[in-house]
Amino acid sequence: MPMLALGAIAAVAAFLGVDNFVAQRGQTMGTHSARIHDEKPFHIFNPETMAKPAVGYSQVAEVGEGKIVYISGQIALDKSGNLVGKDDFRAQVQQVFENLKAAVEASGGDFHNVIKLNYYCAASVDPSQMSVVREVRDKYVNTANPPTSTFVFVQRLVRPEWLMEVDAVAVVKK
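Bear in mind the structure is a predicted one, so any value in this text is a computation, not a measurement. (Residues numbered from 1 in each chain as written. Predicted model: local features only at pLDDT ≥ 70, side-chain atom pairs only at ≥ 80, totals over all residues. Heavy atoms only, no water.)

### Here's the deal with the packing of helix α2 (residues 89-106) against helix α3 (residues 130-137)
As a reminder, the rule being used: Simply put, an axis is a line fit to the C-alpha atoms, just over the touching stretch for a helix, and the angle between two N-to-C directions goes from 0 to 180 degrees. Secondary structure counts use DSSP, requiring at least four H or I residues in a row for a helix and at least two E residues in a row for a strand, with both numbered from the N terminus. In this scheme, a crossing is called left-handed if the near helix is turned counterclockwise away from the far one by less than a right angle; it is called right-handed if the turn is clockwise. Contact criterion: two residues are considered in contact whenever any of their non-hydrogen atoms come within 4.5 Å of each other. The classification used treats Ala, Val, Leu, Ile, Met, Phe, Trp, Tyr, Cys and Pro as nonpolar, Asp, Glu, Lys and Arg as charged, and all other residues, Gly among them, as polar.
At a minimum axis separation of 10 Å, α2 and α3 run at an interaxial angle of 35°. Between α2 and α3 the crossing geometry is right-handed. Here F89, R90, V93, Q94 and F97 of α2 lie close against α3, whose contacting residues are M130, V132, V133, E135, V136 and R137. Tallied by class, residues from the contact of α2 with α3 come to seven nonpolar, one polar and three charged.

### Quick word on the side chain of D167
For clarity, the threshold we go by: Buried residues are those whose accessible area, probed at 1.4 Å on protein chains only, stays under 20% of the maximum for their type, while exposed residues exceed 50% and partly exposed ones sit between those limits. The charge count includes Lys and Arg as positive and Asp and Glu as negative, but it does not include His or the ends of the chains. For this document, the term salt bridge refers to a Lys or Arg side-chain nitrogen within 4 Å of an Asp or Glu carboxyl oxygen. Counted as a polar contact is a pair of N or O atoms within 3.5 Å, where, for protein atoms, one must be capable of donating a hydrogen and the other of accepting one, and residues adjacent in sequence contribute only when both atoms are in side chains.
Within the fold, D167 resides in strand β6 (residues 164-172). In this structure D167 is buried but unpaired, with K116 as the nearest side chain of opposite charge at 7.3 Å. Within the structure, the side chain of D167 is placed 2.8 Å from the side chain of N118, a separation counted as a polar contact. Within the structure, D167 has its side chain in polar contact with the side chain of Y120 (distance 3.3 Å). In contact with D167, other than residues within four places in its own chain, are I71, S72, G73, K116, L117, N118 and Y120.

### Regarding the pairing of strand β1 (residues 42-45)
The criterion, for reference: Strands are treated as partners if at least two bridges between them are detected by DSSP.
In β1, alternate side chains face the same way, and those of F42 and I44 on one face and H43 and F45 on the other are all buried. With four bridges joining them, β1 and strand β2 (residues 60-63) adopt antiparallel strand pairing. Residue I44 lies in a different strand from β2, and its bridge partner there is A61.

Printed below as a string of structure tokens:
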């Protein structure tokens, strides 16, 4: 892990009051890091000291070992660069998740390797449509242990016909 990243992690650990932070390869990185399960290079969980999320995300994702994959914000463009689902929110969300899936697979993983999703939704989308996002997302993620997530409404995306953009972070085995 690059030293800059380790320094940033150490700073965050100090800010959060983690007493046993160790930044050496092969050792734990925090109080819950030893609980990496199922031979995955990461652990997603909800600490007992925090409120359990009501719907579809987890509070913390820890990386033990593995290759971190950063996936740029995906919009509803097909492989040829054509917009899928003009004015059709469900179709756009579906294409966004297909693009995320293709990206993580190109890096040697699958969607269950995704540890973080950031959603950017155009303000023109009716908030009642958020159930569509959950329905589509749940076809891809491990719903029993979903990725950490952030969801924000933005005035608009770069192009007005784009309704949703999602970026992701995944951890795949080296």
